[in-house]
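Residues per chain are reported as follows:
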Amino acid sequence: MGAVRDWDADAYHRVSGPQVAMAAAVLDRLELRGDETVLDAGCGSGRVTRMLLERLPRGRVIAVDASPDMAARAREELGGLAADVREADLAALVLAPGEAVGAVFSNATFHWVPDHDALFAALAAALRPGGRISAQCGGAGNVAAVHATALAAAGDCGLGDRFAGWPGPWNFAGPEQTEARLRAAGFEDVRCWLQPWPVTPDEPRAYLETVCLGPHLERLPAAEHERFLDAVMARLAARPVLDYVRLNIVALRSG
């Protein structure tokens, strides 16, 4: 298991409109009847889990996130609804005996999991035979220009040494290797593809601070955060277009 990122769940809930927009097509591909138990693998602050629950009038959701702050925010967001929110590492997730789910949904999460082989094995174990997974996450090339800009900005403000040789915590996989990993984990009818998805956030600085550059800020003392963010924003337009690339995943659990 990798280190769990320390998310600001309230800030994420406010600025995560782009992630909510990405989720609609992923939900459509889940092809739900409405009475299933669905695993939301990486529920975040619960905004998208609400959208999932709207499609399950007779079902329920097991919503999992590795971040304590996100799980707490999701419990608040989903109070009184048919959602069981749990704090857990997805790559080590084990459901209780007899608790296998009928479908797995995930949005904007898998790229935070270092070990995709372990991730897909855990999801396959949680899923009933014939159950569907529909997921989307950052794929190969995702926000590459944003990260290059951040490293250049760190150099501008004398912080470049803090990122020397740093690979970052992201796992932006390609479709071919992801298809192979899914089949090895016990999935069939596997389809994976990349999709460019340019994002123009309403609050660029807050969005970058909360979402894209959180791992960068964790490497800096708190007193350096504003200087680093100032340098990043100086290199970006007032309304920057962020170069998101999404990896879409659809597969069935082998029977």
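It should be noted that the structure appears before, not after, this text.
Residues numbered from 1 in each chain as written. Predicted model: local features only at pLDDT ≥ 70, side-chain atom pairs only at ≥ 80, totals over all residues. Heavy atoms only, no water.

> Is there a simple way to think about the overall build of the protein in this case?
When helices and strands are counted, the protein shows 10 helices and 7 strands. The C-alpha radius of gyration of the protein comes to 18 Å, within 12% of the 18 Å expected for a compact globule of 255 residues. If one aligns the C-alpha atoms of the protein with their principal axes, the spans along those axes are about 55 × 40 × 30 Å. Looking at the protein alone, contacts between residues at least 24 apart form 80% of all its contacts between residues at least 6 apart. One way to put it: in the protein the 25 positive side-chain charges average out to a point 3 Å from where the 33 negative ones average out. (Helix = DSSP H or I, 4+ residues; strand = E, 2+ residues; numbered from the N terminus. Rg over C-alpha atoms; globule rule 2.2 N^0.38 Å. Contact = heavy atoms within 4.5 Å. Lys, Arg positive; Asp, Glu negative; His and termini not counted. Charge placed at Lys NZ, Arg CZ, Asp CG, Glu CD.)

> Sorry if this is basic, but what is going on with the environment of alanine 83 here?
Here alanine 83 shows up in strand β3 (residues 83-87). Judged by relative accessible area, alanine 83 falls into the partly exposed class, the value being 23%. When near neighbours in sequence (up to four residues on either side) are disregarded, alanine 83 contacts Leu53, Val61 and Leu78. (Buried < 20%, exposed > 50% of the residue type's maximum accessible area, 1.4 Å probe, protein only.)

> I'm lost on the packing of aromatic side chains in this one. Help?
Each aromatic ring pair is characterised by the separation of its centres together with the angle its planes make. According to the stated counting rule, one finds 6 aromatic pairs in the structure shown. Taking 6.4 Å as the distance between ring centres and 15° as the angle between the ring planes, the aromatic pair formed by tryptophan 170 and phenylalanine 172 counts as stacked. Connected via pairs of aromatic rings, a cluster forms that spans Phe163, Trp166, Trp170, Phe172 and Phe228. (Phe/Tyr/Trp six-rings, centres within 6.5 Å; stacked < 30°, edge-to-face > 60°.)

> What is the right way to look at helix α6 (residues 144-156) in this model?
Since the α-helix advances by 3.6 residues per turn, residues separated by three or four positions end up pointing in the same direction. Spanning 13 residues, α6 covers 19 Å between terminal C-alpha atoms, matching the ideal 18 Å at 1.5 Å per step. Considered for burial, the residues of α6 that qualify are Val146, His147, Thr149, Ala150, Ala153 and Ala154. For α6, the buried positions fall inside an angular range of 155° around the axis, keeping them on one side. Taken from the residues just after α6, glycine 158 is the one with a positive phi, measuring 75°. (Expected span 1.5 Å × (residues − 1). Arc of directions from axis to C-beta.)

> How should the side chain of threonine 109 be read in this particular structure?
Secondary-structure assignment places threonine 109 in the loop between β4 (101-107) and α5 (116-126). Among the polar contacts made by the side chain of threonine 109, one reaches the main-chain carbonyl oxygen of asparagine 107 at a distance of 3.1 Å. (Polar contact = N/O pair within 3.5 Å; in protein donor to acceptor, adjacent residues only side chain to side chain.)

> Can you walk me through the packing of α6 against helix α10 (residues 225-235) in this structure?
Any two packed helices are characterised by how steeply their axes cross, that is the angle between the axes, and by the distance between the axes. Across the interface, α6 lies against α10 with an axial gap of 8 Å and an inter-helix angle of 120°. Here α10 runs oblique to α6, going by the angle between their axes. Every pair of crossing elements has a handedness; the one defined by α6 and α10 is right-handed. Taken together, the residues of α10 that come into contact with α6 (itself represented by Thr149, Ala150, Ala152, Ala153, Ala154 and Asp156) are Phe228, Ala231, Val232 and Arg235. (Axes fitted to C-alpha atoms, helices over the stretch in contact; angles between N-to-C directions. Parallel < 35°, antiparallel > 145°, perpendicular 65-115°, else oblique. Left-handed = near helix turned anticlockwise from the far one by under 90°.)

> What exactly am I supposed to notice about the environment of alanine 108 here?
When you line up the elements, alanine 108 lands in the loop between β4 and α5. Between the alpha carbons of alanine 108 and arginine 205 there is a distance of 20 Å; along the sequence they are 97 residues apart. Setting aside residues no more than four positions away along its own chain, alanine 108 makes contact with Gln19, Gln136, Cys137 and Arg246.

> Mind showing me how you'd approach the pattern of salt bridges here?
For side chains bearing opposite charge, pairing can occur when the charged atoms are close. What the rule picks out here adds up to 15 salt bridges. A salt bridge links aspartate 84 to arginine 60, with the nearest nitrogen and oxygen atoms 3.9 Å apart. Placement of aspartate 84 in strand β3 and of arginine 60 in strand β2 (residues 60-65) is noted, with a sequence separation of 24 residues between them. A residue is classified by how much of its surface remains accessible, and arginine 60, at 32% relative accessible area, is partly exposed. We note a salt bridge from glutamate 99 to arginine 86, for which the minimum N-O separation is 2.4 Å. On the criterion of sequence distance, the pair formed by glutamate 99 in the loop between β3 and β4 and arginine 86 in strand β3 is long-range, its members being 13 residues apart. When its relative accessible area of 17% is taken as the criterion, glutamate 99 is described as buried. (Salt bridge = Lys/Arg side-chain N within 4 Å of Asp/Glu carboxyl O.)

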